[in-house]
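Summary of structural features
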Amino acid sequence: MAKHRDVPMVGRAEPRRRLADAIAASADGRRGVVLVSGEAGMGKTTLMRAAVEASPGSPVVGWGTCWHGEGAPGFWPWMQAFDDLVRVVGDQDATRAAGRDAKLLRAVVRSFGTAIPDAAASAPDGDRVLLLDAAVRWLEALAADRQVIIVLDDLQWADPSSLDLLEQVAAAAPAARLLVIGGYRHDEIDTDHLPRLTQVSSHADRIHIGGLSPHEVRELVITLGDPTITEEQAATLHRRTGGHPLFVTELARLAALGDNSLPAVVTEAVARRLESLPATTRTALDAAGVLGNRILVDVIAHATGTTPIETIRSLEPAHDAGVVRTGPDSDQWFSHDLFRETLYDALGVSRQVELHALISQGLELRAGRGGHIEPGDLARHTAAAITVTGVDPAIRWALAAAVQDRRRSAFSEAGFHLRRARTAAIDAGLTIPPATLVAVLRAEAGDVARAGSPDVARTILHDAAAIAPDPGAQAEIALAVQRLGARFATRRDEMIAQLDDALAAVAGNDLLHEARLTAALARELQHSVPEDRMRAAPLSERALTLGRTTGDDAALAECLLARHDILWGPGTGAERAELGREIAEVGARLHDTDRHAEGLLLQANGLLESGSPGFRPVLDRWFAILEQRDQPRDRYMVLTRRVALALIEGRTDDADALMHEAAVVGATIHEPDTGNVLMSHRVALARALDDPGEHRRLAVDAVAHWTGTPVHAHAVAAGALAAAGDLDAAAREVAMVADAGGWRNEGSYLRSVLVAHLAAAAVALGDRPLCEELLDEVEPLTGSCGVNGAVVAFAGPFDHTAGILAAALGDHERAALLLDRSTAIARRLGAVVWTRAGEAARRRVGRAAGSAGPAAAPPGEVATLKRTGGIWAVEWRGESGSLRHVKGIADIVELIRRPGTEIPALQLAGSGSSDSSTPEQVIDLEALGAYRLRLDRLSRELDQAGDDADIGRVEALQDEREALLGEVRRSTGLGGRVRTVANDPAERARKAVSAR
């Protein structure tokens, strides 16, 4: 615990009761957050400590104190509190509670091992969200077996990441044996912290600590050792101090020394206590005030030019005066922040700078001896002492601190370290070498962008471009701007111009940057508006040529990706699969698992588009990499591709469950493409389910969601509405495709899904001109398949689309060939839904071919049936026979007379059959009787088991009874009547016709 009970605890009956109630509630499993506010020295810390120490049972307590001043490491008070928790519960239990999140929690729980690798410095902000979520889960897991109390003091100085985690804990579900108590000075909250604490307070109980009453003032003075104080004297003291406990304590101490003057402010009262200390003690405390709340003896000794033992001796009077205390691990702390703040403020600026420089040297020496030092501490001291120590240490430690906070996904704090160092240099009139400054600005821009301010990051990079000392630096800045990204299919004129300028500056002189810039420019042109895309293909070819000559695998990977992106469209799967394979190999050589996995996924996608079953083993290798790493975004990627496989294999229930689980994970990590992926999954699922209601819902949602790609949206809606049988609405959506610019303008990977849906609508509508246009478009793509995204959703073989279009145009022989090939491809891939679709379409083509008449049908392929009395004469392929008349043959005759035409079951049931007035029963009456007989017996057996107190048998019989009741309810109507289809003539007719 980080603070000392300097002022004795008196009074505060109501706040103590409320804290005790909150502690008791958390012990009963009701999570809580309590915020305690008040001025400095009002007794907040003492109140919180007294309440925790008085709590019944043995709660596990973690205590953290926020650092005064900007630049504290991200999650600083939480990290201190988590250290306490691990120390109490033990490493083994703490790790077990973390489970699969242990690797992620290394960023904030130091006992779990070293921070995550440097590669995490480029982690997306979604990882930060999952880190917060993992920390909450860990606390809840720890609290499953014990009560956990977290105390966070001085929240007015909390770093942004700590407030983020506090909000996450406060907003979580209430069922947990977890309590967080936060203390803060309400009169010292800055404008950044106020809305954050206000948000937390909406989920918290609030306790405000004001001044003591006159009675409590007297009680406090008596506790301090003056039992002679009268009520009148206490009233006077209360009037002079406002009941402020620290003021009361200091005035009582001064009165005991014969000094009855009243300090103007609390810092003056504290200063008077410090003035009574020996000079050597004050010198040590001055250095400690610069160091921080925790007093490191070896560092203070270095700063004061003494030995550690001499420093220990010099601090003894400070212990006696209550200025310094000893912590639970024999470490030394200031008893109250006000002592440190008063000491620091009393130093002149020049002395502050000198001590910051000496402290930074002492910390570096301590680190060299193996002591744990936070880079953020050294970044703060070297920035403050930059006029003494120079620019290099300040920049070096700022970069180190930024890396550490980046690993914790504390991007705001990481950017602050860098900004503080360069601002300190400017204020000191010092020059940071241009190359170094550009590197700092680039890093700062990256952190600012990840913290959610890409526009601010662009401004920083703009400033960097103005001072870049050479074309290479300009190239790096242009690449950094490009990595900030832009919305798909929007103009990127400024970014493209910057890349063009940077490329012109390095062309012919800097092969490495030329290759990387060419690749970046090609990708930006491809993702820009259609008129920009014409330049992309030749640039991507040149980039790949340059990349192969650089000898640099990282640059080659960028160039391969650029070429892949430009080629990404229908019909290029085989070529892209090869590029993906090479990207994976380059990633493996670089030991870059991200790049390796990316290449495997692209290779698998290309193979799937090519109709090759080889996609599956490659995808399995990709799964293995991501599941082994188990990083936050990896979980989302794996889930979404598991959905795609389930849809390919026809496992619709699995797909439905997985796609919604994936959407939840995507939303949790703020994955920007979550909505698009979910909609793509829904498109494939609707195809598999073929439910009219789902098709209609998909049509509405597609138009509402894909507002940025209206052609795609309306094409999907047209196909879905056609599948639902709503041809008028489908026709309107087809017209909207034309109004939005026409399907030919869509050149991305979305085109395969778009064309397939538009073709389904054109066929259903009998739109012959559109069918002809689409067949011309699709036929060159036959032999390959459509896939939405990188194995996000399988859109089926192009042979299927071409086949139904050819059938609609009356070319049955061509259609049959295409549909047979489509079915073969689908079977090869294990695509169950598309195998069935191909077979069904092929049967329809066969029937349509038969209806073309004698001139269109091969000899001997037309069946004839003639009825004479009760006998039917049948001829087929040159053979003849006879059949006795039954109702089913009449149905067959009607179907043969109208080949390729859907005939309602009601119509068939009405021809050649007479309706019965007795409703058709859905359930076997004999089985229903057996169910009811067993239920009667179960009731008697339950009574007997109850009399025998046989609990196990009672439970088993109740389970059986519920199962039987479920069957009876499913099969019977109101009042237990046998459920019939009498109210549904179409269903009755379908059953009747199918049976005969």
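Below, the structure is looked at part by part. Because the structure is predicted, anything quoted here is derived from the model rather than measured.

Some words on the overall build of the protein
Secondary structure summary: the protein contains 47 helices and 13 strands in total. Across the 996 residues that make up the protein, the buried fraction comes to 50%. Within the protein, counting contacts between residues at least 6 apart in sequence, those at least 24 apart form 67% of the total. With an accessible surface of roughly 44,300 Å², the protein has 52% of that area assigned to carbon and sulfur atoms.

Brief notes about the pattern of salt bridges
Tallying each qualifying case throughout the model produces 52 salt bridges. Note that D811 and R814 form a salt bridge whose closest N and O atoms lie 3.9 Å from each other. One connected set of salt bridges, linked through shared partners, spans D83, R110, E374, D405 and R408.

So, the packing of aromatic side chains
The geometry of an aromatic ring pair comes down to the distance between the two centres and the angle between the two planes. Tallying each qualifying case throughout the model produces 4 aromatic pairs. Measuring from centroid to centroid gives 5.2 Å for F82 and W138, while their planes differ by 90 degrees, and the two rings are edge-to-face. One end of the pair, F82, is in helix α3 (residues 76–89); the other, W138, is in helix α6 (residues 125–142), and 56 residues separate them in sequence. Residue W138 is classed as buried on the basis of its relative accessible area of 1%. Ring geometry for W622 versus F623: centroids 5.3 Å apart, planes at 55 degrees, classification tilted. Since its relative accessible area comes to 2%, F623 is described here as buried. Ring-pair connections join several aromatic residues into one group, and the members of that group are W78, F82, F112 and W138. When the ring centre of W67 is taken as reference, the NZ or CZ atom of R340 above it lies at 5.3 Å.

Topic: the nonpolar core
Counting 66 residues, the largest nonpolar core has W78, L105, W138 and I150 as its most contacted members. Looking at this core element by element, the count peaks at 9 residues for α6. The contacts of I150, once residues within four sequence positions are left out, are G62, W78, A81, L85, L139, L178, L179, V180 and I181.

What to know about the packing of helix α18 (residues 375–384) against helix α20 (residues 391–407)
Two elements in contact, α18 and α20, have axes whose closest approach is 8 Å; the angle formed by their N-to-C orientations is 150 degrees. In terms of their interaxial angle, α18 and α20 are classed as roughly antiparallel. Where α18 crosses over α20, the two elements pack in a sense that is left-handed. On α20, the residues touching P375, G376, L378, A379, T382 and A383 of α18 are P393, A394, W397, A398, A400, A401 and Q404. Residue classes in the contact of α18 with α20 are distributed as 10 nonpolar, 3 polar and no charged.

Notes on the sheet that holds strand β7 (residues 324–326)
Taken together, the 3 strands give an open sheet; going across it, the order is β6-β8-β7, and neighbouring strands pair in antiparallel fashion. Two strands in the sheet have a free side with no partner beyond their single neighbour: β6 (294–295) and β7. As paired strands, β6 and strand β8 (residues 332–334) are joined by 2 bridges and run antiparallel to one another. Among the inter-strand pairings, I295 is bridged to a residue of β8, identified as Q332. Sitting on the sheet, helix α15 (residues 308–320) is in contact with β6, β7 and β8, with an inclination near 100 degrees to β7.

Some remarks on the environment of A724
Residue position: A724 is located in the loop between α36 (710–723) and α37 (727–739). Residue class for A724 comes out buried when judged on its relative accessible area of 11%. For A724 and E694, which are 30 residues apart along the polypeptide, the C-alpha to C-alpha distance reads 8.3 Å. Those residues in contact with A724 that sit more than four places away from it in its chain are P692, H695 and R696.

Let's talk about the pairing of strand β4 (residues 178–184)
Burial runs high along β4: 7 of the 7 residues are buried. Both faces of β4 are covered, namely the face carrying L178, V180, G182 and Y184 and the face carrying L179, I181 and G183. In terms of strand pairing, strand β1 (residues 32–37) meets β4 through 6 bridges, oriented parallel. Bridging from a neighbouring strand, V36 pairs with G183 of β4. Where strand β3 (residues 148–153) meets β4, 5 bridges bridge the pair, whose relative direction is parallel. In the sheet register, V151 faces β4, and the bridge partner there is I181. Once the chain exits β3 it traverses helix α7 (residues 160–171) before rejoining the sheet at β4, and the crossover so formed is right-handed.

Thresholds, definitions, all that
Residues numbered from 1 in each chain as written. Predicted model: local features only at pLDDT ≥ 70, side-chain atom pairs only at ≥ 80, totals over all residues. Heavy atoms only, no water. Helix = DSSP H or I, 4+ residues; strand = E, 2+ residues; numbered from the N terminus. Buried < 20%, exposed > 50% of the residue type's maximum accessible area, 1.4 Å probe, protein only. Contact = heavy atoms within 4.5 Å. Areas by Shrake-Rupley, 256 points an atom, 1.4 Å probe, with all protein chains shown as cover. Salt bridge = Lys/Arg side-chain N within 4 Å of Asp/Glu carboxyl O. Phe/Tyr/Trp six-rings, centres within 6.5 Å; stacked < 30°, edge-to-face > 60°. Lys NZ or Arg CZ within 6 Å of the ring centre and 35° of its normal. Core = buried A, V, L, I, M, F, W, Y, C linked by side-chain atoms within 4.5 Å. Axes fitted to C-alpha atoms, helices over the stretch in contact; angles between N-to-C directions. Parallel < 35°, antiparallel > 145°, perpendicular 65-115°, else oblique. Left-handed = near helix turned anticlockwise from the far one by under 90°. Nonpolar A, V, L, I, M, F, W, Y, C, P; charged D, E, K, R; others polar. Pairing = 2+ DSSP bridges. Right-handed = clockwise from strand over helix to strand, strands pointing away.

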